[in-house]
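# Per-entry structural report
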4 protein chains.
Amino acid sequence: MRVAVIGIGKMGAGIAHNLVKAGHTVTVWNRSRDKAAAIEGARVANSVAEAARDAEVALTMLSDDTALAAALNDGLFDALPRGAIHVSSSTISASLSDRIADDHAARGQDYVAAPVFGRPDVAAAAQLTVIAAGPAAVIDRAQPVFDAIGRRTWRVGDRPSQANIVKLCGNYLIVSSVQSLGEAVALARGADVDTSVLLELLTENLFSGRVHTTYGGAIVEKRYRPAGFGLDLALKDVRLVLAAADAADVPMPVASLLHDAALAALHRSPPESDVAALAEFAAKNAGLPD
Amino acid sequence: MRVAVIGIGKMGAGIAHNLVKAGHTVTVWNRSRDKAAAIEGARVANSVAEAARDAEVALTMLSDDTALAAALNDGLFDALPRGAIHVSSSTISASLSDRIADDHAARGQDYVAAPVFGRPDVAAAAQLTVIAAGPAAVIDRAQPVFDAIGRRTWRVGDRPSQANIVKLCGNYLIVSSVQSLGEAVALARGADVDTSVLLELLTENLFSGRVHTTYGGAIVEKRYRPAGFGLDLALKDVRLVLAAADAADVPMPVASLLHDAALAALHRSPPESDVAALAEFAAKNAGLPD
Amino acid sequence: MRVAVIGIGKMGAGIAHNLVKAGHTVTVWNRSRDKAAAIEGARVANSVAEAARDAEVALTMLSDDTALAAALNDGLFDALPRGAIHVSSSTISASLSDRIADDHAARGQDYVAAPVFGRPDVAAAAQLTVIAAGPAAVIDRAQPVFDAIGRRTWRVGDRPSQANIVKLCGNYLIVSSVQSLGEAVALARGADVDTSVLLELLTENLFSGRVHTTYGGAIVEKRYRPAGFGLDLALKDVRLVLAAADAADVPMPVASLLHDAALAALHRSPPESDVAALAEFAAKNAGLPD
Amino acid sequence: MRVAVIGIGKMGAGIAHNLVKAGHTVTVWNRSRDKAAAIEGARVANSVAEAARDAEVALTMLSDDTALAAALNDGLFDALPRGAIHVSSSTISASLSDRIADDHAARGQDYVAAPVFGRPDVAAAAQLTVIAAGPAAVIDRAQPVFDAIGRRTWRVGDRPSQANIVKLCGNYLIVSSVQSLGEAVALARGADVDTSVLLELLTENLFSGRVHTTYGGAIVEKRYRPAGFGLDLALKDVRLVLAAADAADVPMPVASLLHDAALAALHRSPPESDVAALAEFAAKNAGLPD
């Protein structure tokens, strides 16, 4: 297929690379051109419009609502052919996702929300978990793209925002787990308990999943910087969760608490802090030494 | 060894049974005698004192601080021989655990805190996770008991309360995970997302551990009653966590939130509710139908 | 002056009446015409545009951002003469207020944000507290309007949103006081303390202001319905507070808590509940009888 | 009457002085003797027992539960004559208050809980607000003491702890108001609103009581140190509130939040900080400059 990849950050690079590898005809665009130029086997477009112009699928992987809206207005809406599919893989707000769907429909274009779980190394290995929502027939047509970049595609509904909600639920639970682990580790440290034994015990018995082992390790070893999943992005995601919850009139008290903790931690932490710095913030609030 | 088991509830029964099976000489005591009488191969004592009198190890598995203090004052302190070991496996407060250690030491008795992870079926299968803290030499002597009831013994420190802190950290993280899952599921329901797909996706990718699969399943299927891990016991444990945190001057905002949520949920829920009813409470706070 | 009053609810009616009484030439518009027709001495306009067309000052008193945006787009922007002033007295978001200011400026119109404190009876008595922000010269020109409706005008800044922020701070503190009083009263009830004595003591010694006497009385006497200051409006205002705080990157943990409490209380309370029903919600969460 | 005053801190000094002035025969005791010696016209006792021995009323004004328990065990229980009254004016836990009542009753002594509202200058001026609970006849007999030190005595119940609950409700609302004001001021600062105008407006219209004017002024002027009402004492009181609430199974989410905020603020603030430093903590969490 002819696929445009809009946004060549760490995630977009792995995705574009794997699309090339799978034999698709790939055009890439990125705000800073050099990152796009680094994708071997892909054509580099000079504008979003140029990238979208003869794409069958345009996959966007951008940082937030603002960046995606800019790409849409700077060419994607106008240039994407009728009948082509916009696959939106960024972590964006549920409300924007549904709005985009309507706007594309009005232009005769198709739209699938397909955010992913997986860090850059997982993207590079074509092992992403793809969460897709939209009309089933459209997802079917985009499936070759998902197969090239991911390990498995989960179909979670007909309405695009449902995929965004699922992605946000996942990120919410990650941030929540980090905060809870941070508090538990602060308590353990305050009571002179060896936190690495605590973590080993917890992850062998109760919480053996990837989130607890990954972030638990970072917290116990005080690896707060540089960021894997940045504290600023965690705050962004919590804000999106709260916006989605508010739209559905669902109170989420833990999410509210995470918002306030992440915002305060961001003000008080060095730049480039990881979401694990929530644990550092909790430790300092407990008067514990660095 | 001659082992007394004080407290034959669901957990104590499995423990006593496995001690008999491992060849130990077991005496059991329970407030309501019939449960004690059901342990084949064990002698039934008429009082705590009678059970403790010639024990080498007296293992207590009681419901809370009050019950343990009662057993201690109603015979355990007086009857346990000098040089014998009190193994305290109940989930009790860290402060009581350290106080008991001192009181036993003054009587020439030894003390190990050894709370366990595992539900009654795990206890019956001799697969408990034992968390032991106290003097290493004393734990060595009690090891045959731990070997008979558990899969592995984790030694987490010299001070008995350290084992209680570890146990409380685990239970805190369980309750916290249930609350967070409950909020996420409420959001998903509010946005018409299929929650069983959401859960499958989350537990396959991010949270594959036992807590998320077990409680996630209960929440998605709305199995709020009867209780496996009762909401009342969850509240009890959160109170113990907060007491330990307060003693160490560690603020734990998520634990505070869990306290208030569990207490309110307990007031508003039918009797015999499981900790999963935190999700029911969250759903009702979101105006979602039963 | 020629003054248009857009929005003749309980507050707008008192305002329009007092403007007539002060000798101004008043035109009124309301979505349901009968309320507008009830203002003696005022001309009733058939549209926002007709009301605004030859106004020197157009004062809007509408329910929320959506209603105000509708009025602006349905005639106010187009019909208000160059050099005329839009006085916005609704409780709206800070961000909308600043956006309106820019939009009016682009049309050569002036804009002042002037939300008020005071319930309908205070509006009827021309005793409102007016909080004005905008260019000083524009406020000077609008001052006769403020003098006709209020007791005192507070000038709080050059940027219109500053007045909205002040209004929101006030409403936030009202809701926060109600929640705190509700919790204190629940504790007192739980401990069999006479809550009317408690309230009298508190308001004579520590909290003699209007908010505590008014809402404290409602809480102690369990006057939760009908609404004076509706729970739904309280939630709306807390949402505006949180939006303003988020825009300024200020965490407000009490406001977050109020959001979640008000939203849950709204789902669980009968229609037409007052903000005082936060105390009812707190009492039920404590298992107290009605 | 023959009155012993146990505990001559800033509050006790004013009380003892006014009792002398009113013509009572006053004996004073303090852990550091020099403060006791500074009360003109009073006899200085060398021990609690000596002070209590021939008192008709023994008024205790000590720092906390521990200090009061020490005084009781170091002589007050043993030396206070049968039929004499212990007036407990310290801010102590509700549970200790009821326990003391029983212990005194067993010795044929009477007990009244009579905590007070008012800072040291109010105590010095004999203008305290006295909150008394206990048997009416006992309060009647202690009334001359209350008349000498206070402006008015509020009788709030037969059970002593009811007075302690009322006192705790008051202090809870003070701390809660400080926290809410701190958040509002942080928002205002974040939006470039003049906070002194904000405060003037709020206290003239909505919150004219003593707490908001006093602490609002401190917050706006950033007078965080030295302490009038110390942050550490505020934390102590919030802990007592939470203990009383937990005993009555009443969730108090704002109190929980205050606990965590005050504890973290205490760890992060310079020594001798006032409860107003909650606002400093909130401002720093918002990234605002000093």
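Residues numbered from 1 in each chain as written. Chains lettered and ligands numbered in written order. Predicted model: local features only at pLDDT ≥ 70, side-chain atom pairs only at ≥ 80, totals over all residues. Heavy atoms only, no water.

Looking at an unreviewed UniProt entry, one finds chain A named 3-hydroxyisobutyrate dehydrogenase, with Roseiterribacter gracilis as its source organism.

Before going further, it helps to examine the overall build of chain A. Within chain A, the regular secondary structure consists of 13 helices and nine strands. Its C-alpha atoms give chain A principal-axis dimensions of about 65 × 45 × 35 Å. Taken across its 290 residues, chain A has 63% of its residues classed as buried. For chain A, contacts bridging at least 24 residues in sequence account for 65% of all contacts bridging at least 6. For chain A, the accessible surface area stands at approximately 10,200 Å², while carbon and sulfur atoms represent 50% of it. (Helix = DSSP H or I, 4+ residues; strand = E, 2+ residues; numbered from the N terminus. Buried < 20%, exposed > 50% of the residue type's maximum accessible area, 1.4 Å probe, protein only. Contact = heavy atoms within 4.5 Å. Areas by Shrake-Rupley, 256 points an atom, 1.4 Å probe, with all protein chains shown as cover.)

Turning our attention to the interface of chain C and chain A. Listed as interface residues are 13 residues of chain C and, on the opposing side, 13 residues of chain A. In total, chain C and chain A occlude about 1,100 Å² of area from one another, counting both sides; carbon and sulfur atoms represent 48% of this. On inspection of chain C and its partner chain A, the count reaches four salt bridges. Put simply, chain C and chain A have ten residue pairs in polar contact (both at pLDDT 80 or more) between them. For the side of chain C that touches chain A, the elements supplying multiple residues, two or more each, are helix 11 (231-247) and helix 12 (253-268) of chain C. Among the elements that take part in the side of chain C that touches chain A, helix 12 of chain C stands out by supplying seven residues, more than any other. By residue class, the composition of the side of chain C that touches chain A is six nonpolar, three polar and four charged. (Buried area = accessible area lost by both parts, 1.4 Å probe. Salt bridge = Lys/Arg side-chain N within 4 Å of Asp/Glu carboxyl O. Polar contact = N/O pair within 3.5 Å; in protein donor to acceptor, adjacent residues only side chain to side chain. Nonpolar A, V, L, I, M, F, W, Y, C, P; charged D, E, K, R; others polar.)

Here we take up helix 1 (residues 10-21) of chain C. Residue and element names in this part refer to chain C. Compared with the 16 Å implied by 1.5 Å per residue over twelve residues, the 17 Å span of helix 1 between its first and last C-alpha is a close match. Along helix 1, the positions that sit buried rather than exposed are M11, G12, G14, I15, A16, N18 and L19. With its phi angle positive at about 95 degrees, G23 sits one or two positions after the end of helix 1. (Expected span 1.5 Å × (residues − 1).)

Residues and elements named next belong to chain B. Summarising the element assignment, R189 is placed in helix 8 (residues 161-190). Buried within the structure, R189 lacks any salt-bridge partner; D290 is the closest side chain of opposite charge, at an N-O distance of 7.0 Å. Among residues more than four places away in sequence, those in contact with R189 are T195, K222, A283, L288, P289 and D290. (Lys, Arg positive; Asp, Glu negative; His and termini not counted.)

Looking now at the UniProt feature "domain: 3-hydroxyisobutyrate dehydrogenase-like NAD-binding" (unreviewed entry) in chain A. As annotated by UniProt and renumbered to match this structure, "domain: 3-hydroxyisobutyrate dehydrogenase-like NAD-binding" (unreviewed entry) occupies residues 162-280 of chain A. Along residues 162-280 of chain A, the helical share is 74% and the strand share 0%, with 33 Å between the first and last C-alpha atoms. (UniProt positions renumbered as here; feature names shortened; annotations may be inferred.)

Listed per partner, the contact involves 59 residues of chain B and 59 residues of chain A. Taken together, both faces of the contact between chain B and chain A bury some 5,100 Å²; the carbon and sulfur share is 70%. On the chain B side of the contact with chain A, W154(B), L187(B) and L206(B) bury the most area, a combined 13% of that side's loss. Counting across the chain B and chain A interface gives six salt bridges. Across the salt bridge formed by E204(B) and R152(A), the nearest N and O atoms sit 3.4 Å from each other.

All names here are of chain A. Note that the residue after R225, namely P226, is joined by a cis bond; omega there is -5 degrees. With respect to the secondary-structure elements, P226 resides in the loop between helix 10 (210-220) and helix 11 (231-247). Phi is positive for E272, close to 70 degrees, though the residue is something other than glycine. Relative to the assigned elements, E272 resides in the loop between helix 12 (253-268) and helix 13 (277-285).

Time to look at the pattern of salt bridges. Residue and element names in this part refer to chain C. Counted according to the given criterion, the structure contains 52 salt bridges over all chains. The residue R223 makes a salt bridge to E221 at a minimum N-O spacing of 2.9 Å. Looking at E221, the relative accessible area reads 53%, which means it is exposed.

Right, let's talk about the relation of the copies chain C and chain A for a bit. Its rotation angle being 180 degrees, the transformation that places chain C on chain A also includes 0.0 Å of axial translation and leaves an RMSD of 0.0 Å. What we have between these two chains is a two-fold relation. When C-alpha distances to the rotation axis are compared across chain C, the minimum falls at S256(C), with a value of 2.9 Å. The overlap is high: 100% of the interface residues of chain C also sit at the interface in chain A, so the same surface is used on both sides. (Least-squares fit on C-alpha atoms with pLDDT ≥ 70 in both.)

For the rest of this paragraph, the subject is the pairing of strand 2 (residues 25-29) of chain D. Residues and elements named next belong to chain D. By the criterion of burial, strand 2 is predominantly enclosed, with four of the five residues buried. Judged from the five bridges that link them, strand 1 (residues 2-6) and strand 2 form a sheet pairing that is parallel. By the bridge assignment, A4 is partnered in strand 2 with T27. Tracing the backbone out of strand 1, into helix 1 (residues 10-21) and back to the parallel element strand 2 gives a crossover that is right-handed. Relative to strand 3 (residues 43-44), strand 2 is paired through two bridges, and the arrangement is parallel. Bridge assignment links T27 to a residue of strand 3, and that residue is R43. (Pairing = 2+ DSSP bridges. Right-handed = clockwise from strand over helix to strand, strands pointing away.)

Below, the discussion takes up the UniProt feature "active site" (unreviewed entry) in chain A. All names here are of chain A. Listed under "active site" (unreviewed entry) in the UniProt record, and renumbered for this structure, are K167. Looking at where K167 falls in the secondary structure, it is placed in helix 8 (residues 160-190). The exposure class of K167 is buried, given its relative accessible area of 9%. Setting aside its immediate chain neighbours within four residues, K167 contacts T91, P115, V116, F117 and I131.

Moving on: the domain arrangement of chain A. How big an interface is tends to be stated in terms of the accessible area lost upon association of its parts. Residues and elements named next belong to chain A. Taken domain by domain, chain A consists of domain 1 (2-158) and domain 2 (165-285). The straight-line distance from the C-alpha centre of domain 1 to that of domain 2 is 29 Å. The interface of domain 1 with domain 2 comprises 13 residues on the first partner and 14 residues on the second. Taking both sides of the interface into account, the surface hidden between domain 1 and domain 2 amounts to around 1,000 Å²; carbon and sulfur atoms contribute 67%. Together, T91, F117 and R119 form the three largest contributors to the area buried by domain 1 at its contact with domain 2, with a combined 52%. The interface formed by domain 1 and domain 2 contains zero salt bridges. The interface formed by domain 1 and domain 2 includes four residue pairs in polar contact (both at pLDDT 80 or more). (Domains from an automatic or database assignment.)

On to the environment of K35(D). All names here are of chain D. If you trace the backbone, K35 turns up in helix 2 (residues 33-37). On the accessibility criterion, K35 (46% relative accessible area) is partly exposed. Each C-alpha atom, one on K35 and one on G9, is 7.3 Å from the other, the two residues being 26 residues apart in sequence. In this structure K35 touches I8 and N30, once residues within four positions along its chain are discounted.

Before going further, it helps to spend a moment on the packing of helix 11 of chain C against helix 12 of chain C. Residue and element names in this part refer to chain C. Close contact between helix 11 and helix 12 brings their axes to 9 Å; oriented N to C, the two are set at 150 degrees. Looking at the two axes, helix 11 sits roughly antiparallel to helix 12. Here helix 11 and helix 12 pass one another in a crossing that is left-handed. Where helix 11 abuts helix 12, its residues L231, D232, L235, V238, R239, V241 and L242 lie against A255, S256, L258, H259, A262, L263, A265 and L266. (Axes fitted to C-alpha atoms, helices over the stretch in contact; angles between N-to-C directions. Parallel < 35°, antiparallel > 145°, perpendicular 65-115°, else oblique. Left-handed = near helix turned anticlockwise from the far one by under 90°.)

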